[in-house]
Structures are given as structure tokens and as C-alpha cells.
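# Inside the fold
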Amino acid sequence: MKKMTEQYGKTVEEAIRKGLEELKVPRDEVKIDVIDEPSTGLLGMLSSKMAKVRLTVVKKVSESSVENTVIKVKEIISNIFEIMGDESDYTVCAEQDRVILKINSGNSTHLIGYKGKTLNALQSTINSILQKEDSDYAKVFVEVNDYKDKKEERLKALAKRMAANAVKYKKDIRLEPMSAYERMVIHTELASNDKVYTESYGEEPRRRVVIKYKK
């Protein structure tokens, strides 16, 4: 079964409908990314631009897959730390359909890196190893000394502040480009806000969240 498609349409909804028809799955089983919004040129006649969306089928993870992922992650991080000569403490646990690796280090700088780049690279490496060994695995999230938790709180505060501005000035607010994880925090934080809604636009690494005022 095809797992991803990109579609064009005169409107975002039309493009989404085409994607769902091609993938043959219901809307609640896909992740929808809006790449481009539709627009029209001068006087609505020249250089019209169609909407472009990307639909990705969301992988369903079984309890046994999550349990197996926990075991594999313990083996992987143990080997990585042995090679690095790192003696940091860590725990690996299941959280719904994902696995969390929490590392407590006395010297976290080398594990976090500039703006969390080393931490993100470690997370990406672990997920890549798992994918090569077995495609049926749970997504792994890595945390070092609560770095992401603290960053998440700052992102949530930003989301609330920008949403308030969107409502106050009755206009859409475009945020700076963010990682997929950061965008997820923004989307989740504002999901229950009945005055705004959020969508992601653009291509990586310039993909960003737009907070839209509900007119």
C-alpha cells in the first residue's frame, strides 16, 4: 500500500480529497502537511498558484512492537555509550505508542550540542538503526537533562502569546522555521483553542507553523 502522496488542487481541501482517494484511507489515518496555499495573480488571471499538500499514512504501532523497541533501544544506547566512554545514567520506557529514552548526564553539553543539534542527531541515529533492523518499530524520542521539557515550555508560551496576537489583530501569524518536533508542540498546544487553528507550510528545513485566526 502506498504510504505517501503529494497532490495539487484549486483549494487545500480539494488537494486533500485527491490524496485520500489515492491512498484509500480515511482522513484520521493520515498526517496532512500543506506545502503551498492557493493564490491568484494580478486581477485573478495571471500566475495562479494551486494548493499543494502532502499526505502521509500514520503508522499504527502494536504493544508488542513498543515492547520490542524498548529492548532494542537499551541495546543501542548501551553500545553507543560504550564506544563514547560515556557513563551517563539513562532509562528507557514506553509511553503509549512511542518510546522515551531519558539520559541524565553530569556533562550534558556534548550530548545536547548547539541548539540541541547533537541531541537531535542522536535521536535520528537511533531511529535510523531501528528502521534498518525492522520497519515495525515505535518512534523513539530522546531527552537529556530535561532539555526538551524546558524548551517545550518555552514553545507553549510562544504559541499562546502568538495566538493571542492573532485574535487581537484578527490576522494570521507566521512563526519562524522550526523542526518537526517544535512544530508538533505548537500544533498540540493550540489544538483546543477555538479562536485559531494551525497549519504547517513550506519544505524542510524552512518549514514553519502559521497560526490562523478563525474568521
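This write-up is about the structure you can find in this document. Given the structure is predicted, the values throughout are model-derived calculations rather than measurements. (Residues numbered from 1 in each chain as written. Predicted model: local features only at pLDDT ≥ 70, side-chain atom pairs only at ≥ 80, totals over all residues. Heavy atoms only, no water.)

Glancing now at the overall build of the protein chain. Per the secondary structure count, the protein chain includes six helices and nine strands. Overall, the C-alpha framework of the protein chain stretches about 65 × 40 × 30 Å when taken along its three principal axes. Residues classed as buried in the protein chain amount to 38% of the 215 residues present. In the form shown here, the protein chain has an accessible surface area of approximately 13300 Å², with 51% of it arising from carbon and sulfur atoms. For the protein chain, the centre of its 40 positive side-chain charges and the centre of its 35 negative side-chain charges are spaced 8 Å apart. (Helix = DSSP H or I, 4+ residues; strand = E, 2+ residues; numbered from the N terminus. Buried < 20%, exposed > 50% of the residue type's maximum accessible area, 1.4 Å probe, protein only. Areas by Shrake-Rupley, 256 points an atom, 1.4 Å probe, with all protein chains shown as cover. Lys, Arg positive; Asp, Glu negative; His and termini not counted. Charge placed at Lys NZ, Arg CZ, Asp CG, Glu CD.)

Moving on to the packing of aromatic side chains. For the coordinates displayed, the defined rule picks out one aromatic pair. For Arg98, the ring lying beneath its charged end belongs to Phe141, and the centroid distance is 4.8 Å. In this arrangement the basic side chain of Lys148 is found over the ring face of Tyr181, its NZ or CZ atom lying 5.2 Å from the centre. (Phe/Tyr/Trp six-rings, centres within 6.5 Å; stacked < 30°, edge-to-face > 60°. Lys NZ or Arg CZ within 6 Å of the ring centre and 35° of its normal.)

Once that is clear, we can look at the layout of surface pockets. In this model, the largest pocket occupies a volume close to 1800 Å³. Mapped by element, the contributors of at least two residues to the lining of the largest pocket are strand S2 (30-36), strand S3 (51-57), helix H4 (117-133), strand S6 (139-144), helix H6 (180-190) and strand S8 (196-201). Of the residues forming the lining of the largest pocket, the biggest block, seven residues, is contributed by H6. (1 Å grid on protein atoms, 1.4 Å probe; cavity = no way out; pocket = protein on both sides within 12 Å on 5 of 7 lines; lining within 4 Å. Points joined across faces, edges and corners; volume = space filled by probe spheres on them.)

For the bond running from Glu204 to Pro205, omega is 0°, close enough to zero to count as cis. Residue position: Pro205 is located in the loop between S8 and strand S9 (208-213). In this structure, Lys24 takes a positive phi of about 60° despite not being glycine. Among the structural elements, Lys24 can be located in the loop between helix H1 (12-23) and S2.

To continue, consider the sheet that holds S2. The strand order S1-S3-S2 describes an open sheet built from three strands, whose pairing is antiparallel. Of all strands in the sheet, those bounded by a partner on one side alone are strand S1 (4-9) and S2. The average undirected angle you get between the axes of adjacent strands in this sheet is 20°. Looking at chain direction, S2 and S3 are connected through six bridges and run antiparallel. Bridge pairing links Lys31 to Thr56 in S3. (Pairing = 2+ DSSP bridges. Axes fitted to C-alpha atoms, helices over the stretch in contact; angles between N-to-C directions.)

To continue, consider H6. Where H6 is concerned, the buried positions are Tyr181, Glu182, Arg183, Val185, Ile186 and Leu190. Looking at the buried residues of H6, the elements they touch are helix H5 (147-169), S8 and S9. (Contact = heavy atoms within 4.5 Å.)

Classification of Lys24 by relative accessible area gives exposed; the value is 69%. Between the C-alpha atom of Lys24 and that of Leu190, which follows or precedes it by 166 residues, the distance is 29 Å.

This brings us to the sheet that holds S6. With respect to topology, three strands assemble into an open sheet ordered S4-S5-S6, the strand pairing being mixed. The sheet terminates laterally at strand S4 (89-95) and S6, the two strands that pair on one side only. Strand after strand, the sheet turns through a mean of 20° between neighbouring axes, direction not considered. As defined by bridge partners, S4 adjoins strand S5 (residues 98-104) across seven bridges and the pair is classed as antiparallel. For Asp89, the partnering residue across the bridge sits in S5 and is Asn104. Along the sheet, helix H2 (residues 63-84) contacts S4, S5 and S6; its crossing angle with S4, the most-contacted strand, is approximately 165°.

For Thr198, the position within the fold is in strand S8. Side-chain polar atoms of Thr198 contact the side chain of His187, separated by 2.6 Å. Contact partners of Thr198, with chain neighbours within four places excluded, come to His187, Leu190, Val209, Val210 and Ile211. (Polar contact = N/O pair within 3.5 Å; in protein donor to acceptor, adjacent residues only side chain to side chain.)

As a further point, take the side chain of Asp86. Among the secondary structure elements, Asp86 is positioned in the loop between H2 and S4. Among buried charged residues, Asp86 stands out as having no salt bridge; its nearest opposite-charge side chain is Lys148, 16 Å away. Side chain to side chain, Asp86 and His110 meet in a polar contact 2.8 Å long. Contacts of Asp86, omitting those with residues within four sequence positions, involve Phe81, His110 and Leu111. (Salt bridge = Lys/Arg side-chain N within 4 Å of Asp/Glu carboxyl O.)

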